[in-house]
Amino acid sequence: MYIDLTADEREFIHSLGVIQVVVDESFPPISYYDANKKEFVGISIEVLGILSKTIGFEYTIIQDETLSWADRLNLIRDNKALILCGASISDERKKYGYFTDTPYFEMNYALIGSINHHVRITDINDISKYKIGLIEGTSINEYILKFAYPQNIIYYKTFDDAFAALKKQEINLIPDNEASFIEKYFKGKLFDYEIVFSINGNVRKYAFFSPKTEEGKKLTTILTKGMKRIPLKKVANTYYEDKSIFAYYKDHVQQEQRISEIRNFFLLLLIGIFIIFINVTALMRKRNKELEFLSSTDYLTGLKNRTALFNDFSDLSKLTKAIVCYIDLDNFKIINDTFGHETGDMVLQSTAHRLKEFLPDANIYRMGGDEFLIIITSAAIFDGKSLLAHIENPIHDKQNIYQVSASIGYIDTSECKYSSLNEIINAADTAMLKAKTLGKNNIVKAPNLLP
């Protein structure tokens, strides 16, 4: 592979001598230290090695496990190293350094949580409900802060510090490079933890990073030239196709996704069936209540009807001590025939309202036509004359005034013997008919049937 460098660029590269390179020592697949090989490996290291051979420069990696990620960034900020591997491109970092124009890898972050915490996130906005640990200096922090509450954020110097806090349940989530988490997971270190949410809306691009000096600017320009000649995609793909960990992960994830999709489908299906069942049951109950209401309610006055009467007092013990009144309006037919059914309906509605108003605690029924039945089971004294006067009050409708009186027959069940509800009603009805023969607008008590 030939890299077309100018004479000045070649002279500049030669003048640098051995270039000081700093890497993140535990950031697979970008860069990490392989204890078995006793060397640094990863995508950025592989690309850097190709550039070293084709451009013609030597480099040495600064190895210091005590350095945090923020410390490694400061080596570039303070011009103590010329290249940093594993830095994602961000506007904040551009203030104190130069990136190569061509990134060598792209990947997203993910939010990591403990399986035992049962944290579930369907949208990035959901993270506002949880405590989050951020590692100082990482580029994802700025994005997370857009959605999380500041009081729920705790900063840590290293990922290991944040992970220890997650293990102690001091925090609920840690953002980590998704591929890096996968590497740690399949090495058997993180089986009790999981990717809670993949932050696919914030893909990070990784490039080589140099100090914001004239030297750093020239170096990144030259490195960019070289990277444009390297099949970067092919290099990156080897870590997903050829490396055993990532090849295994790829199959594992695809299988897990299929299982998850099937599980979610049946879960949603069951939820859907359950919701339909609940809704149908609710509708049926509502419909049954509506039918029950319609079957037991007089549509015109809103009072209960004859059906409701026999349902309410199917148990005769409820009528041991009660006043049962049978009411028939006097001369209602004249109003109905003279002024029409609409006026007649209005008079019936007004009368029903007055009965409820005068006896709010009584059971009031429309028996049909202009006849009503009232059952008073309370200990209150029944004042029939006042009830007649209340019914007789003029009814005002628009510019017209209507007036009806009533004939009432009633029975005191505590003074009578009876064997059925019909017998009681008939006794009250007979007393009402007698009230009409006495000149109407009258009230008659049924005869005492006790011996």
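Residues numbered from 1 in each chain as written. Predicted model: local features only at pLDDT ≥ 70, side-chain atom pairs only at ≥ 80, totals over all residues. Heavy atoms only, no water.

Topologically, T138 is positioned in the loop between strand 9 (132-135) and helix 5 (140-144). Here the alpha-carbon distance between T138 and A322, two residues 184 residues apart in the chain, equals 84 Å. Apart from the residues lying within four places of it in its own chain, the contact partners of T138 are W69, R93 and Y109. A distance of 2.7 Å separates polar atoms of two side chains, one belonging to T138 and the other to N141. (Helix = DSSP H or I, 4+ residues; strand = E, 2+ residues; numbered from the N terminus. Contact = heavy atoms within 4.5 Å. Polar contact = N/O pair within 3.5 Å; in protein donor to acceptor, adjacent residues only side chain to side chain.)

Ordered in space as 14-15-13-18-19, the 5 strands form an open sheet in which the pairing is mixed. Of all strands in the sheet, those with a lone pairing partner are strand 14 (363-368) and strand 19 (443-445), marking the two edges. Strand-to-strand twist of the sheet, defined as the mean angle between neighbouring strand axes without regard to direction, takes the value 20°. Pairing analysis gives 3 bridges linking strand 18 (residues 405-412) to strand 19, with the strands arranged parallel. Paired with Y410 across the strands is K445, a residue of strand 19. Where helix 15 (residues 421-437) meets the sheet, it contacts strand 13 (323-330), strand 15 (371-376), strand 18 and strand 19, and its direction lies at approximately 140° from that of strand 18. (Pairing = 2+ DSSP bridges. Axes fitted to C-alpha atoms, helices over the stretch in contact; angles between N-to-C directions.)

A few words now on the nonpolar core. Core analysis: the biggest nonpolar cluster contains 52 residues, and I83, Y104, I144 and F208 have the highest contact counts within it. Contacts of I83, omitting those with residues within four sequence positions, involve I19, Q20, V21, V22, L48, I76, F208, F209, S210, L219 and L223. Ranked by size, the runner-up nonpolar core spans 30 residues in total, among them V347, L348, F372 and I408. (Core = buried A, V, L, I, M, F, W, Y, C linked by side-chain atoms within 4.5 Å. Buried < 20%, exposed > 50% of the residue type's maximum accessible area, 1.4 Å probe, protein only.)

What the rule picks out here adds up to 12 salt bridges. The salt bridge involving D71 is made with K157; its shortest N-O contact spans 3.8 Å. A residue pair is termed long-range when its members are at least 10 positions apart, and D71 in helix 3 (residues 69-77) and K157 in the loop between strand 10 (153-156) and helix 6 (159-167) qualify at 86 residues. Overall, the relative accessible area of 23% leaves D71 in the partly exposed class. Under the relative-accessibility criterion, K157 is labelled partly exposed at 40%. Linking D312 and K304 is a salt bridge whose minimum nitrogen-to-oxygen distance equals 3.1 Å. (Salt bridge = Lys/Arg side-chain N within 4 Å of Asp/Glu carboxyl O.)

Residues apart from glycine generally show negative phi values, whereas peptide bonds are mostly found in trans. Of note, the amide linkage connecting P28 to P29 takes the cis form, showing an omega dihedral of 0°. Of note in the backbone geometry, K440 takes a positive phi value of approximately 65° without being a glycine. For K440, the location among the structural elements is in the loop between helix 15 and strand 19.

With that settled, the discussion passes to the sheet that holds strand 2 (residues 26-27). Here we have 3 strands laid out as an open sheet, ordered 2-3-4, and antiparallel in their pairing. Because the sheet does not close on itself, it has two edges, and the strands there are strand 2 and strand 4 (39-41). Strand direction decides the pairing type here: strand 2 and strand 3 (residues 31-34), joined by 2 bridges, are antiparallel. If you follow S26 over to strand 3, its bridge partner there is Y32.

Time to look at the packing of helix 1 (residues 7-16) against helix 8 (residues 214-227). Their axes nearest at 11 Å, the elements helix 1 and helix 8 cross at an angle of 115°. Of the two possible hands of crossing, helix 1 and helix 8 adopt the one that is left-handed. Of the residues in helix 8, those touching helix 1 at E9, F12, I13 and L16 are E215, K218, L219, I222 and K225. Of the residues in the contact of helix 1 with helix 8, the class split is 5 nonpolar, no polar and 4 charged. (Left-handed = near helix turned anticlockwise from the far one by under 90°. Nonpolar A, V, L, I, M, F, W, Y, C, P; charged D, E, K, R; others polar.)

The subject of this paragraph is the packing of aromatic side chains. If you walk through the whole model with that rule in mind, you get 11 aromatic pairs. Judged by centre distance (5.7 Å) and plane angle (70°), the rings of Y96 and F209 are edge-to-face. Taken together, the positions of Y96 in the loop between helix 4 (91-94) and strand 7 (97-99) and F209 in strand 12 (residues 193-211) put the pair 113 residues apart, joining distant regions of the chain. The same class applies to Y96 as to F209, namely buried. One aromatic cluster is present, formed by Y96, F99 and F209 through successive ring pairs. Taking the ring centre of Y98 as reference, the NZ or CZ of K212 above it sits at 5.8 Å. (Phe/Tyr/Trp six-rings, centres within 6.5 Å; stacked < 30°, edge-to-face > 60°. Lys NZ or Arg CZ within 6 Å of the ring centre and 35° of its normal.)

Here we take up the pairing of strand 18. When you tally the buried positions in strand 18, you get 8 out of 8 residues, the bulk of the element. Side-chain alternation along strand 18 places S405, S407, G409 and I411 on one buried face and A406, I408, Y410 and D412 on a second face that is also buried. Note: strand 13 against strand 18, 8 bridges, orientation antiparallel. Among the inter-strand pairings, V324 is bridged to a residue of strand 18, identified as I411.

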